[in-house]
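For reference, the chains in residue letters:
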Amino acid sequence: MNRLILVIKYLKNSRMHEYEKIIEAALAKDYEVISLRDYIEDNYNLSKKLFILRHDIDHFSKGTKMMFEIEKKYRVNSSFYFRNTTFEPRLMKNIEAYGSEASLHFEPIADFVKANFIKDKKELMSIKNWEERCLVILKSNIDRFRSLLDIPCITIASHGEYENTLVETPNNYLTEDIKTYDTLDIKLEAYNQEMIEKVTCYISDVPIEINGGYRYGITPLEAIVKEEKFIMFLTHPNHWYYSSWKQFKKLIKTVLQGGVYKKESFKRV
């Protein structure tokens, strides 16, 4: 992306306008704009065009509430997944009261690796019952969200941390066997293989200086224009609204370096 355009975008801090346009476009093309909970509970099939909105709340950001307000304006639903470190009780209760989904962005393997100072995959695999111990952590985290907020948490989403790269094991390793769904009392993990195989276009955001703000070679608006049958759109609200200090740092970096372009394909895990 042209440096001047990037600088203007950062000065305006304007990706929320872009997000609103995406919602408008999806509705104009008769997409069902829904949460992951809607998808699994209402048994949607591909006779309808689906646009699933998923937000991973990796960091505190005003963008989370701003996105939620836009969705309320257009009466669409989405899933917001909060980490233990980004837990926002009032906002999460408001999301649930509206009819969207607030649930857990989980990272028990990463937490286990940190707590036990594990250095690599070999060391992790050598620990007796490490999977069961991580599942206990995950169940505890889910139950905490349920008890504190009185929310169902029937879908959850895996988070990725440096520690997962270190041990070459993603957090959703724990939910690959759907038998664990009964143990956790959930109906879906966001990287569930059966569901992902039905998705015709998976899109994830990134900061706008990388590939113009989107991974995997396509933007949401392009996918909507193509009328992809089943779009999964993952956002991170901190990529859409910046604090003044972060905005300033990104402006300086953009002026000095310009944009970054990476070619990559979606991998489920």
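Structure's up top.
Residues numbered from 1 in each chain as written. Predicted model: local features only at pLDDT ≥ 70, side-chain atom pairs only at ≥ 80, totals over all residues. Heavy atoms only, no water.

> Give me the overall build of the protein: which residues, what numbers.
Broken down by element type, the protein carries 13 helices and 8 strands. When contacts within the protein are restricted to residue pairs at least 6 apart in sequence, long-range pairs at least 24 apart make up 72% of them. Surface summary for the protein: the accessible area is close to 13300 Å², and the carbon and sulfur share equals 53%. (Helix = DSSP H or I, 4+ residues; strand = E, 2+ residues; numbered from the N terminus. Contact = heavy atoms within 4.5 Å. Areas by Shrake-Rupley, 256 points an atom, 1.4 Å probe, with all protein chains shown as cover.)

> Report on the packing of aromatic side chains, specifying residues and quantitative values.
Two descriptors summarise a pair of aromatic rings, namely the distance from one centre to the other and the angle between the planes of the rings. All chains considered together, the criterion is met by 12 aromatic pairs. When the centroid spacing of 6.1 Å and the interplanar angle of 85° are considered together, the rings of Phe68 and Phe80 count as edge-to-face. Highlighted residues: Phe68 in helix α4 (residues 62–74) and Phe80 in strand β3 (residues 79–82), separated in sequence by 12 residues. Relative to Phe145, the ring of Phe87 lies with its centre 5.0 Å away and its plane at 55°, an arrangement referred to as tilted. With Phe87 in the loop between β3 and α5 (89–98) and Phe145 in helix α8 (residues 130–149), this residue pair connects regions lying 58 residues apart in the sequence. Here the two residues Phe87 and Phe145 agree in accessibility, since each one is buried. Three or more aromatic residues joined by ring pairs form one cluster here, namely Tyr19, Tyr31, Phe51, Tyr214, Phe233 and Trp240. The positively charged end of Arg15 is found above the aromatic ring belonging to Tyr214, 5.3 Å away from the centroid. (Phe/Tyr/Trp six-rings, centres within 6.5 Å; stacked < 30°, edge-to-face > 60°. Buried < 20%, exposed > 50% of the residue type's maximum accessible area, 1.4 Å probe, protein only. Lys NZ or Arg CZ within 6 Å of the ring centre and 35° of its normal.)

> Hey, could you go over the pattern of salt bridges for me, with residue numbers and the actual values?
By the definition in use, this model includes 15 salt bridges. With a shortest N-O distance of 3.7 Å, Glu24 and Lys21 are connected by a salt bridge. Of the two residues, Glu24 and Lys21 are both situated in helix α2 (residues 15–28); the distance of 3 residues between them amounts to about one turn of the helix. Looking at Glu24, the relative accessible area reads 31%, which means it is partly exposed. Measuring nitrogen to oxygen at the nearest pair gives 2.8 Å for the salt bridge that ties Glu227 to Lys49. Here the residue Glu227 occupies a position in the loop between α12 (220–225) and β8 (230–235), and Lys49 occupies one in the loop between α3 (36–41) and β2 (50–57), the gap between them amounting to 178 residues. (Salt bridge = Lys/Arg side-chain N within 4 Å of Asp/Glu carboxyl O.)

> Give a detailed account of the side chain of His236, specifying residues and quantitative values.
The topology assignment puts His236 in the loop between β8 and α13 (244–257). The exposure class assigned to His236 is buried, which follows from its relative accessible area of 11%. Ignoring sequence-local partners within four residues, the contact set of His236 consists of Asp56, Asp58, Ser204 and Asp205.

> For α5, give the residues involved together with the corresponding values.
All of the buried residues in α5 are Leu91, Met92, Ile95 and Glu96. Down the axis of α5, the sector holding all buried residues measures 135°, keeping them to one side. Of the exposed residues in α5, those oriented more than 90 degrees away from the buried face are Arg90 and Ala97. Buried positions along α5 lie against α3, α4, β3, β4 (101–106) and α8. Gly99, located one to two residues past α5, shows a positive phi value of around 125°. (Arc of directions from axis to C-beta.)

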